[in-house]
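Each chain, letter by letter, is given below.
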Amino acid sequence: MAHTTKSALLLSICFSFAATLASANNDPQAHHNKENAKTTSHKTSAPHWAYSGMNGPERWGELDQGYAICASGTQQSPIDLKNARLAPLAPIEIDWTPFLPTVINNGHTIKVDTDKQGSMVLDGKTYTLLQFHFHHDSEHTINGRHYPLEAHFVHQAKDGSLGVLGVFFKEGNANPALQKIWNIAPLDPGEMKAEKRFKPGALLPRNRSYFRYEGSLTTPPCSEIVSWVVFDQPIEASKAQIDAFAGLYANNYRPVQATNRRFILHSQ
Ligand SMILES: [Zn+2]
């Protein structure tokens, strides 16, 4: 178990999510040394963002130059999934392997870092599973309706683009796989390494019909580099499990953004 120090904590709160997304290497220094527009725009002086108040979602675009696209972008996420076009989409090829998870409370969510061995293939492109994390309520909605919880499985391709799988949870039976994460999730910012291997596939719905659209990160810097796949069938979590997360993060979701001229596809 390795709790971050208080000063490291401030950094980790502002960095961990974007840094993980922006680079297959979690080392913030390596992240900053990269000559990559979408990563260098996230400076060390970038202000803290939040889900409410003065630094809430409506203000993200003004908090830092590197966050401007949060306000000016036209392919932002999440969105309301409605009026989707039925399309002959191939099943998502998911090849996830069990791994020893590191469960991190980063000040914005509970995030689970993988060993980067799992992958998925989308449109012939291979993406590596970096991490997954949770939002309450769900970020995406279906016909305007939120689910109480949504998991995002963040994958990155060699060219830096991201493929994120969204899985909704509805209230129902206790979810044993989710419980393994909850059992070691730090209540305060910090991290905990699991001693047993975790099978991420246990958090996938049996029926894998899905929505597909092109969008963005749902947190600053809101980069429009994400191919989204959102499964339409929820899995279950108990009220106690949902309440446990809500006790840590009462509303860590970005409101839905304008769809604009994008197509939302739905697998047949
Ligand atoms: Zn997310």
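Residues numbered from 1 in each chain as written. Predicted model: local features only at pLDDT ≥ 70, side-chain atom pairs only at ≥ 80, totals over all residues.

Before going further, it helps to spend a moment on the overall build of the protein chain. Assigned secondary structure in the protein chain consists of seven helices and 15 strands. The buried share among the 268 residues of the protein chain stands at 42%. Long-range pairs, those at least 24 residues apart, make up 67% of the contacts in the protein chain with a sequence separation of at least 6. (Helix = DSSP H or I, 4+ residues; strand = E, 2+ residues; numbered from the N terminus. Buried ≥ 20, exposed ≤ 12 C-beta atoms within 10 Å, placed from the backbone. Contact = placed C-beta atoms within 7 Å.)

Let us look at the pairing of strand β5 (residues 110-113). Along β5, one buried face is formed by Ile 110 and Val 112 and the opposite face, lined by Lys 111 and Asp 113, is buried too. Direction of pairing for strand β4 (residues 102-105) relative to β5: antiparallel, over a ladder of four bridges. Bridging from a neighbouring strand, Thr 102 pairs with Asp 113 of β5. As paired strands, β5 and strand β7 (residues 125-135) are joined by three bridges and run antiparallel to one another. Among the inter-strand pairings, Lys 111 is bridged to a residue of β7, identified as His 133. (Pairing = 2+ DSSP bridges.)

Along the chain, Ser 138 turns up in the loop between β7 and β8 (141-142). Separated by 116 residues in the primary sequence, Ser 138 and Arg 254 have C-alpha atoms spaced 8.9 Å apart. What Ser 138 contacts, discounting residues up to four positions off in sequence, is His 146, Tyr 147, Leu 149, Glu 150, Phe 168 and Tyr 253.

This next bit is on the nonpolar core. Nonpolar side chains in soluble globular proteins tend to be buried together. Core analysis: the largest hydrophobic core is formed by 52 residues, its most contacted members being Leu 149, Phe 153, Val 164, Val 167 and Val 230. Among the elements that line this core, the one with the most residues is strand β10 (residues 162-171), at six residues. Leave out the neighbours within four places in its chain, and Val 164 touches His 152, Phe 153, Val 154, His 155, Val 226 and Trp 228. (Core = buried A, V, L, I, M, F, W, Y, C linked by C-beta atoms within 7 Å.)

The next point concerns the confidence of the model for the protein chain. In this model, the protein chain carries an average pLDDT of 87, and 83% of its residues clear a pLDDT of 70 or more. In this model, residues 1-43 is a region of pLDDT below 50 whose contacts with residues beyond four sequence positions or in other chains number 62 contacts. (pLDDT = per-residue confidence, 0-100.)

With that out of the way, let us pick up unusual backbone geometry. The omega torsion across Ser 77 and Pro 78 is 0 degrees, close enough to zero to call that bond cis. With respect to the secondary-structure elements, Pro 78 resides in the loop between α5 (69-72) and β1 (80-81). At the junction of His 136 and Asp 137, the peptide bond is cis and its omega measures out at -5 degrees in the coordinates. Among the structural elements, Asp 137 can be located in the loop between β7 and β8. Positioned with a positive phi, Asn 260 is a non-glycine residue whose angle comes to about 55 degrees. As for its position among the elements, Asn 260 is in the loop between α7 (239-248) and β15 (265-267). The exposure class of Asn 260 is exposed, given the 10 C-beta atoms found within 10 Å.

Turning next to the pairing of strand β12 (residues 210-215). Each regular strand shows side chains that alternate between the opposite faces of the sheet. Counting buried positions along β12 gives five out of six residues, so the element sits mostly inside the fold. Of the strand pairs in this sheet, β12 and strand β13 (residues 226-231) are connected by six bridges, and their pairing is antiparallel. If you follow Arg 212 over to β13, its bridge partner there is Val 229. Sheet analysis places β12 next to β15, joined by two bridges and oriented antiparallel. In the strand pairing of β15, Arg 212 is matched with Leu 265.

Here we come to the environment of Tyr 210. By the secondary structure assignment, Tyr 210 is in strand β12. The exposure class assigned to Tyr 210 is buried, which follows from the 23 C-beta atoms found within 10 Å. Residues Tyr 210 and Asp 232, spaced 22 residues apart in sequence, show a C-alpha to C-alpha distance of 5.3 Å. With near-sequence residues (within four places) excluded, Tyr 210 lies in contact with Ile 92, Val 229, Val 230, Phe 231, Asp 232 and Ser 267.

Let us now look at α7. Taken as a whole, α7 has its buried residues at Gln 241, Ile 242 and Phe 245. Down the axis of α7, the buried set is contained in an arc of 100 degrees. They therefore lie on one face. Among the exposed residues of α7, those pointing more than 90 degrees away from its buried face are Lys 239, Ala 240 and Gly 247. On its buried face, α7 sits against β5, β7, β9 (149-157), β10, α6 (176-184) and β14 (235-237). (Arc of directions from axis to C-beta.)

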